Every structure is written in C-alpha cells, then in structure tokens.
Amino acid sequence: MVIAFVANDDLRTTEGNALVAGIGRDGAISGLATTQRAAGANMSVDVALGVWYINNVRNSTSGVTNVVIAASDPTNDRYDIILGTNANTIVAVAGVAGANPFPPAIPANRTLIAIVRVPAAAVSIVNANIRDARINLGLVAPDQINELLARQILIGIYPRAV
C-alpha cells in the first residue's frame, strides 16, 4: 500500500508525516493541548500535561510546560513546531521565515504536538496562531489501522489543496 500526501500544502504534509509516524505507534495518548501562555500572551505557549509514545516508549510531563518561541522575523512569517521528545520534555523547533513559509521537518525521536504560526514582527503568540497537530493514539487501536487506511478514513482527512 502506498501512502502519499499532497506536497503543495505544507501544513498538511507535516501533519501527514506525523500521521505516518503515529501509525508506527508514535503520538499522544492524553493531554498535551497547546494554548497561548495562560499568564498573559507573550512569545511562548503552554502545553498541558500529557502522555505520548516514541518508539513504543512512554513519555510524560507532570504539569503545564511553558515552551519559548524564538523572536519573530521583522518581515516574514514562519512556522514552528512543538514536539514531545524521548526524554520526557516538550520543545519548540523554529522554522525558516519566508514569503511562503513551511514547518520544519520533524526530527527523529520526536512526536508532533502543535504547529505555531509566528507572524512577522509578532510580540506574542495567541490561540489563533496555534494549530493542534497531535496524533492521538488513544483513538485508534493497532488492529484498526489497516482497516482505516484501506477505507481511506485516515488518509481522507488530507485532501488536495485547491
């Protein structure tokens, strides 16, 4: 079976790559909702406590994790990604600012939690800039994955951009 994601929609491609990793049993089990900083919006986001797996190894946080987002570019937008690591930590990886920015690749031994749009000259990140990208392993049992792929339920959520 060939799984392909449309490359002309970079956000969906990043999420598609995370979905393929999730099928390999990397992803969220619970929690990890990402929101603007609760103590007042700034250049950081809060990630709720949660549990995720990487390479079939359980990772978790015991409370809200505040993740700093690098300073914005003065001219162009960029996309950063929020990741769970295989060391029980939550980190941000900054993308490259540009006229047509796209999220960075997901490094090895990480699972995608959120995609953050960092607008040009931004001084804060708000909820409207945060896209939930968790692959929730708690929703799909391992024996259901092949059936869902065959019926194109999983891949069908990534339509071609028009």
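Quick summary incoming for the structure in this document. This is a predicted model, so every value here is computed, not measured.

Cut-offs applied
Residues numbered from 1 in each chain as written. Predicted model: local features only at pLDDT ≥ 70, side-chain atom pairs only at ≥ 80, totals over all residues. Heavy atoms only, no water. Helix = DSSP H or I, 4+ residues; strand = E, 2+ residues; numbered from the N terminus. Contact = heavy atoms within 4.5 Å. Salt bridge = Lys/Arg side-chain N within 4 Å of Asp/Glu carboxyl O. Buried < 20%, exposed > 50% of the residue type's maximum accessible area, 1.4 Å probe, protein only. Pairing = 2+ DSSP bridges. Axes fitted to C-alpha atoms, helices over the stretch in contact; angles between N-to-C directions.

It is worth spelling out unusual backbone geometry at this point. Positive phi values are uncommon outside glycine, yet L32 reaches one of about 75 degrees. With respect to the helices and strands, L32 occurs in the loop between β1 (27-31) and β2 (34-36). Phi is positive for N109, which is not a glycine, with a value near 60 degrees.

Our next topic: the side chain of N129. Tracing the chain through its elements places N129 in the loop between β9 (110-118) and β10 (130-132). Not counting residues within four places of it along the chain, the set of residues in contact with N129 comprises I115, V116, R117, P119 and S124.

It is worth spelling out the pattern of salt bridges at this point. Tallying each qualifying case throughout the model produces 3 salt bridges. One salt bridge connects D77 with R117, and the closest N-O pair in it is separated by 3.7 Å. With D77 in the loop between β6 (65-68) and β7 (78-85) and R117 in strand β9, this pair connects stretches of sequence that are 40 residues apart. Judged by relative accessible area, R117 falls into the partly exposed class, the value being 29%.

Let's shift gears to the sheet that holds strand β3 (residues 44-47). Taking strand neighbours across the sheet as the criterion, the 3 strands line up as β2-β3-β6 in an open arrangement whose pairing is antiparallel. Of all strands in the sheet, those with a lone pairing partner are β2 and β6, marking the two edges. Averaged over all neighbouring strand pairs, the angle between strand axes comes to 35 degrees, with direction disregarded. Relative to β6, β3 runs antiparallel, the two sharing 4 bridges. Each bridged residue has a counterpart across the sheet, and for V47 the counterpart in β6 is T65.

Our focus in this paragraph is the sheet that holds β10. Read across the sheet, 4 strands follow the order β8-β7-β9-β10 without closing on themselves; strand pairing throughout is antiparallel. In the strand order of this sheet, the two ends are held by β8 (90-93) and β10, each with one partner. The mean angle between the axes of side-by-side strands here comes to 25 degrees, regardless of whether they run parallel or antiparallel. Taken together, the 4 bridges between β7 and β8 define a ladder with antiparallel strand orientation. In the sheet register, G84 faces β8, and the bridge partner there is I90.

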